[in-house]
Amino acid sequence: MLNRVIRGIAGTFILISLLLAVYVNINWLWFTAFVGVNLLQSSITRWCLMEDILKKFGISNEKKTVKS
């Protein structure tokens, strides 16, 4: 669950920053680059700030199972 939320947030940030770059100011592409660098950094170091933030909000990586 946690990984899906992180990917969703990263994808949303990238799409929003691309839209802002097209319609507001090209400098919003720096935000896109920032998100990309953070994704690369987290893949190398296995540490993600967004993961720590989401865990504090109670989002866990546990899968919920359905009892039958």
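A brief look at the structure comes next. All figures in this text were calculated on a predicted structure; none of them were measured in a lab.

Re the layout of surface pockets
The computed volume of the largest pocket comes to approximately 520 Å³. In this structure, the largest pocket is lined by 21 residues; those nearest its centre are Ile6, Asn38, Leu39, Cys48 and Met50. Secondary structure elements with two or more residues in the lining of the largest pocket: helix H1 (2-23), helix H2 (29-45) and helix H3 (49-56). Broken down by element, the lining of the largest pocket gets its largest block of residues, 8 residues, from H2. When its residues are assigned to classes, the lining of the largest pocket shows 13 nonpolar, 5 polar and 3 charged.

Here's the deal with the packing of H1 against H3
Where H1 meets H3, the closest approach of the two axes is 10 Å, and the angle between their N-to-C directions is 120°. Accordingly, the angle class assigned to the pair H1 and H3 is oblique. As H1 packs across H3, the resulting crossing turns out to be right-handed. Note on element contacts: H3 touches H1 through Met50, Glu51, Leu54 and Lys55, opposite Leu2, Val5, Ile6, Ile9 and Phe13. Residue classes in the contact of H1 with H3 are distributed as 7 nonpolar, no polar and 2 charged.

Let's talk about H1
Its 22 residues give H1 an end-to-end C-alpha distance of 32 Å, which sits within 8% of 32 Å, the value for a rise of 1.5 Å per residue. Taken together, the buried positions of H1 are occupied by Leu2, Ile6, Ala10, Ser17 and Ala21. Buried residues of H1, viewed axially, fall in a sector of 75°; they line one side. Across H1 from its buried face, at more than 90 degrees, point the exposed residues Arg4, Arg7, Leu15, Leu19, Val22 and Tyr23. Looking at the buried residues of H1, the elements they touch are H2 and H3.

Details of the side chain of Ser17
As for its position among the elements, Ser17 is in helix H1. Here Ser17 falls in the buried class, since its relative accessible area comes to 0%. Within the structure, Ser17 has its side chain in polar contact with the backbone oxygen of Ile14 (distance 2.9 Å). Discounting chain neighbours no more than four positions away, the residues touching Ser17 are Trp28, Phe31 and Thr32.

Criteria and thresholds
Residues numbered from 1 in each chain as written. Predicted model: local features only at pLDDT ≥ 70, side-chain atom pairs only at ≥ 80, totals over all residues. Heavy atoms only, no water. 1 Å grid on protein atoms, 1.4 Å probe; cavity = no way out; pocket = protein on both sides within 12 Å on 5 of 7 lines; lining within 4 Å. Points joined across faces, edges and corners; volume = space filled by probe spheres on them. Helix = DSSP H or I, 4+ residues; strand = E, 2+ residues; numbered from the N terminus. Nonpolar A, V, L, I, M, F, W, Y, C, P; charged D, E, K, R; others polar. Axes fitted to C-alpha atoms, helices over the stretch in contact; angles between N-to-C directions. Parallel < 35°, antiparallel > 145°, perpendicular 65-115°, else oblique. Left-handed = near helix turned anticlockwise from the far one by under 90°. Contact = heavy atoms within 4.5 Å. Expected span 1.5 Å × (residues − 1). Buried < 20%, exposed > 50% of the residue type's maximum accessible area, 1.4 Å probe, protein only. Arc of directions from axis to C-beta. Polar contact = N/O pair within 3.5 Å; in protein donor to acceptor, adjacent residues only side chain to side chain.

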